[in-house]
Amino acid sequence: MTRTVRVAASCAFVALLVSACSSSDASTGGTYTLAFPSTAAAVATDFIQVLVFDAPASGDARATFCQTLIKARLAKEQLSPSASGAEMPICEALIQPNRRPVVIPYGDKAVLAVARRQTSPGKLEDFLIGCNIQTFGDGSAPLPVSLSLVDIASSVPRTDCAALSDWCGQKCR
């Protein structure tokens, strides 16, 4: 079974369509949600990417797995996800949600979401990051992935946009 990714955003949330797969050839669709800390943070994001990892079964390793993944990402260590979506412009994810699906196998998975922004021509940096462990099966993912600033000293630019869709539709600055 497969799950595809679709992004639909309003205010501070982005819902993504996902396909989950099992050992059979049948597919099932669903969505997962990225929760931005604010509309301004969503508007300041240029690209999003979702990386999926097999979660440890139980114990301390499971309890700290997301922290370990986030620390490794921030340290620019090589990560080996079991599935990942292509880095996608945030407005493309909103406007064409089925264009770049993420296929996620059924089971307990850690979902690491990274929002990136361009800091200078040709240079992208991680801006927001979030992770949680959840069980994927038929239908939508049960938990949103809440994003937080990678660096609390980093500022979020002001915007007069009421929603990400306004930004993508060029209705605000």
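Trainee: Would you explain the environment of Asp160 in this entry?
Mentor: Its place among the elements puts Asp160 in the loop between strand E11 (148-149) and helix H5 (164-168). Linking Asp160 and Lys171, residues 11 residues apart in sequence, is a C-alpha distance of 9.5 Å. Residues contacting Asp160, with those up to four places away along its chain left out, are Cys172 and Arg173.

Trainee: Mind showing me how you'd approach the pattern of salt bridges here?
Mentor: Close approach of charged atoms lets side chains of opposite charge pair. Summed over the entire model, instances satisfying the criterion amount to 6 salt bridges. Its salt-bridge partner being Asp108, residue Arg62 comes within 3.4 Å of it at the nearest N-O pair. Of this pair, Arg62 sits in helix H2 (residues 59-63) while Asp108 sits in strand E8 (residues 107-120), and the two are 46 residues apart along the sequence. Residues joined in a network through salt bridges with shared partners are Arg73, Glu87, Arg116 and Asp126.

Trainee: Please clarify how unusual backbone geometry should be interpreted in this entry.
Mentor: Note on backbone geometry: most residues besides glycine have negative phi, and most peptide bonds are trans. The backbone phi angle of Lys76 is positive, close to 60°, even though this residue is not glycine. Tracing the backbone through its elements, the reader meets Lys76 in the loop between helix H3 (65-74) and strand E5 (83-84). Phi at Gln170 takes a positive value of approximately 55°, unusual for a residue other than glycine. Within the secondary structure, Gln170 sits in the segment after H5. The class for Gln170 is exposed, based on a relative accessible area of 72%.

Trainee: Explanation requested: the state of the cysteines in the structure shown.
Mentor: In protein chemistry, a disulfide is the covalent bond that joins the sulfur atoms of two cysteines. Considering all chains together, one arrives at 3 disulfides under this definition. Two residues share a disulfide in this structure: Cys66 and Cys131, whose sulfurs sit 2.2 Å from each other. For the disulfide bridge between Cys66 and Cys131, the dihedral angle about the S-S bond is near -65°, and by the sign convention the bridge is left-handed. Residue Cys66 is located in helix H3, and its partner Cys131 is located in strand E9 (residues 123-136); the two are separated by 65 residues in the primary sequence. Just as Cys66 is buried, Cys131 falls in that class too. A sulfur-sulfur distance of 2.1 Å marks the disulfide that ties Cys91 to Cys168. In this structure the cystine formed by Cys91 and Cys168 twists about its S-S bond by roughly -85°; its chirality is therefore left-handed. Residue Cys91 is found in helix H4 (residues 90-95), and its partner Cys168 is found in helix H5; the two are separated by 77 residues along the sequence. In this structure Cys168 comes out as buried when scored by relative accessible area, which is 14%. Taken in N- to C-terminal order, the disulfide-linked cysteines of the protein are connected 1-3, 2-5, 4-6.

Trainee: Would you mind going over the pairing of strand E4 (residues 47-54) with me for this structure?
Mentor: Sheet faces and side chains relate simply in a regular strand, where the side chains alternate between the two faces. With 6 of its 8 residues buried, E4 lies for the most part within the structure. Bridge count for E4 against strand E6 (residues 88-89) is 2 bridges, and the pairing is antiparallel. What sits directly across from Ile48, in E6, is Met88. Where E4 meets E8, 8 bridges bridge the pair, whose relative direction is antiparallel. Considered in E8, the bridge of Gln49 is made with Val114. Direction of pairing for E4 relative to E5: antiparallel, over a ladder of 2 bridges. Directly across from Leu51, in E5, lies its bridge partner Ser84.

Basis of the calculations
Residues numbered from 1 in each chain as written. Predicted model: local features only at pLDDT ≥ 70, side-chain atom pairs only at ≥ 80, totals over all residues. Heavy atoms only, no water. Helix = DSSP H or I, 4+ residues; strand = E, 2+ residues; numbered from the N terminus. Contact = heavy atoms within 4.5 Å. Salt bridge = Lys/Arg side-chain N within 4 Å of Asp/Glu carboxyl O. Buried < 20%, exposed > 50% of the residue type's maximum accessible area, 1.4 Å probe, protein only. Disulfide = S-S within 2.5 Å. Pairing = 2+ DSSP bridges.

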